[in-house]
Structure formats: structure tokens, C-alpha cells
Amino acid sequence: MAAPRITFHQITIITLCFGIACSIASCATRAWQSGSGGLFDLPNEAWANTIKAFAIIGVAMLGFSLLMEILMVASNTFKLSRAMHLLCFICCLLSAASLLISLGLYSRHYSYGGYSVWLLTAGTVFALEAFFFYTIQWRCT
């Protein structure tokens with residue numbers, strides 16, 4: 001009886017899903033804790049719109065990485081494609097950078113805490129983890 005194998009692709013898919021879920025929840029969270037709202041509840045001013053834009057770019061890049069990862073798992077054509085690994089690597093790098101910038105600006109200009117900050121932090125951590133998984137995968141192919 002063979003033991004089940006867990007691949008880097010499966011781990012990466014799970015990590016990307018958690019990153020997307022946490023990032024979307026951080027944007028949508030509203031009034032879980034007094035004084036806190038979601039990123040989408042920020043006022044319409046320059047800093048708030050910049051934060052929203054970076055958060056949306058980060059989530060979009062994570063989603064694109066997830067789509068590419070599913071294609072790699074489902075398709076034998078892309079499975080060993082170095083270009084596909086490089087594309088996912090770049091998307092995860094852009095995602096992690098966007099979420100980090102969003103988190104930094106959010107904590108600097110809107111210092112109130114709450115679940116939105118923690119969920120955005122979790123989304124950023126998952127994006128960084130996926131980036132490191134892609135680094136390992138890309139270097140090993």
C-alpha cells in the first residue's frame with residue numbers, strides 16, 4: 001500500500017488559496033472590532049485609494065498565480081515548463097510586493113488595528129510563502 005504523496009504543486013495551490021482568501025477578507029471585513037473597517041471602507045482620499053489599488057493588484061496577482069499553478073497541474077505541456085515557473089515566480093513576487101506596500105501604507109496612515117490588518121498581514125505572509133515555493137520549484141526544474 002503506497003503512502004500518499006504531497007507535491008510542491010499541491011502545497012503551493014493551498015498556500016495561494018489561503019493568501020487569496022485572507023486578502024479578500026481583509027478588504028471586505030467591516031466592523032468586527034470597534035474602530036476598524038475593511039480596506040474598501042477607507043475614505044476616498046489619495047492614500048486610501050493607493051492602498052486599495054495595491055491590495056487589489058496583490059490579490060489579482062495571487063489569483064493569476066493560482067490559475068497558472070492549476071494549469072501546470074492539469075496539463076502535461078506546462079508541467080515542466082521553465083517559462084511557466086518563471087511567470088508564476090514573477091506574479092508571486094509582484095503580489096507579495098503589492099501586499100507589503102499596501103500593508104505598510106495602511107499601518108502608516110491608518111494606524112487603527114482590527115481584523116483587516118491581521119488578515120492583510122496573513123495574506124502577505126501566504127504570498128511570500130508561495131513566492132519561496134516558486135523559487136524552490138523554479139530552481140529545481
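Residues numbered from 1 in each chain as written. Predicted model: local features only at pLDDT ≥ 70, side-chain atom pairs only at ≥ 80, totals over all residues. Heavy atoms only, no water.

### A look at the overall build of the protein
Link 1 in the chain: From N to C terminus, the protein includes 5 helices and 0 strands.
Link 2 in the chain: Mapped from its N terminus to its C terminus, the protein presents α and β elements in the order α-α-α-α-α.
Link 3 in the chain: Per-residue burial for the protein yields a buried fraction of 42% across its 141 residues.
Link 4 in the chain: Summed over all atoms, the accessible surface of the protein reaches about 7,800 Å², with 71% contributed by carbon and sulfur. (Helix = DSSP H or I, 4+ residues; strand = E, 2+ residues; numbered from the N terminus. Buried < 20%, exposed > 50% of the residue type's maximum accessible area, 1.4 Å probe, protein only. Areas by Shrake-Rupley, 256 points an atom, 1.4 Å probe, with all protein chains shown as cover.)

### Considering the environment of Met-72
Link 1 in the chain: For Met-72, the location among the structural elements is in helix H2 (residues 46-74).
Link 2 in the chain: Met-72 gets classed as buried once you look at its relative accessible area, which sits at 0%.
Link 3 in the chain: In sequence terms Met-72 and His-85 are 13 residues apart; their C-alpha atoms lie 8.8 Å from each other.

### Some details on helix H1 (residues 8-28)
Link 1 in the chain: Taking 1.5 Å of rise per residue, the 21 residues of H1 would be expected to cover 30 Å, and the 30 Å separating its terminal C-alpha atoms lies within 8% of that figure.
Link 2 in the chain: Taken as a whole, H1 has its buried residues at His-9, Thr-12, Thr-15, Leu-16, Gly-19, Ile-20, Cys-22, Ser-23, Ser-26 and Cys-27. (Expected span 1.5 Å × (residues − 1).)

### Concerning the side chain of Ser-116
Link 1 in the chain: Here Ser-116 lies in helix H5 (residues 115-140).
Link 2 in the chain: Relative accessible area serves as the criterion here: at 1%, Ser-116 is assigned to the buried category.
Link 3 in the chain: Each residue touching Ser-116, except ones within four places of it in the same chain, is listed here: Ser-26, Thr-29, Gly-37, Gly-38, Leu-39 and Tyr-106. (Contact = heavy atoms within 4.5 Å.)

### Digging into the UniProt feature "transmembrane region" (unreviewed entry) in the protein
Link 1 in the chain: The feature "transmembrane region" (unreviewed entry), as annotated in UniProt, sits at residues 51-74, 86-106 and 112-136 in this numbering.
Link 2 in the chain: A distance of 30 Å separates the end C-alpha atoms of residues 86-106, which is 100% helix and 0% strand. (UniProt positions renumbered as here; feature names shortened; annotations may be inferred.)

### Let's talk about the nonpolar core
Link 1 in the chain: Ranked by size, the top nonpolar core spans 28 residues in total, and within it Leu-16, Leu-39, Leu-42, Ile-51, Tyr-106 and Tyr-134 carry the most contacts.
Link 2 in the chain: Secondary structure elements with two or more residues in this core: H1, H2, helix H4 (82-109) and H5.
Link 3 in the chain: When residues of this core are assigned to their parent elements, the largest contribution, 9 residues, is made by H4. (Core = buried A, V, L, I, M, F, W, Y, C linked by side-chain atoms within 4.5 Å.)

### Side note on the packing of H2 against H4
Link 1 in the chain: Put simply, H2 and H4 touch, their axes get as near as 8 Å, and they point 155° apart. Looking at the two axes, H2 sits roughly antiparallel to H4. Crossing of H2 against H4: the hand is left-handed.
Link 2 in the chain: Class assignment for the residues of the contact of H2 with H4 results in 22 nonpolar, 8 polar and 1 charged. (Axes fitted to C-alpha atoms, helices over the stretch in contact; angles between N-to-C directions. Parallel < 35°, antiparallel > 145°, perpendicular 65-115°, else oblique. Left-handed = near helix turned anticlockwise from the far one by under 90°. Nonpolar A, V, L, I, M, F, W, Y, C, P; charged D, E, K, R; others polar.)

### Considerations on a nonpolar patch on the surface
Link 1 in the chain: On the surface, Phe-64, Leu-67, Leu-71 and Leu-87 cluster together to form a nonpolar patch covering roughly 300 Å² of accessible area.
Link 2 in the chain: Ranked by residues supplied to the nonpolar patch, first place goes to H2 with 3 residues.
Link 3 in the chain: Examined against the element boundaries, Leu-87 turns out to sit in helix H4. (Patch = residues over 30% accessible without salt bridge, like charges linked within 9 Å, V, L, I, M, F, W, Y side chains within 5 Å. Salt bridge = Lys/Arg side-chain N within 4 Å of Asp/Glu carboxyl O.)

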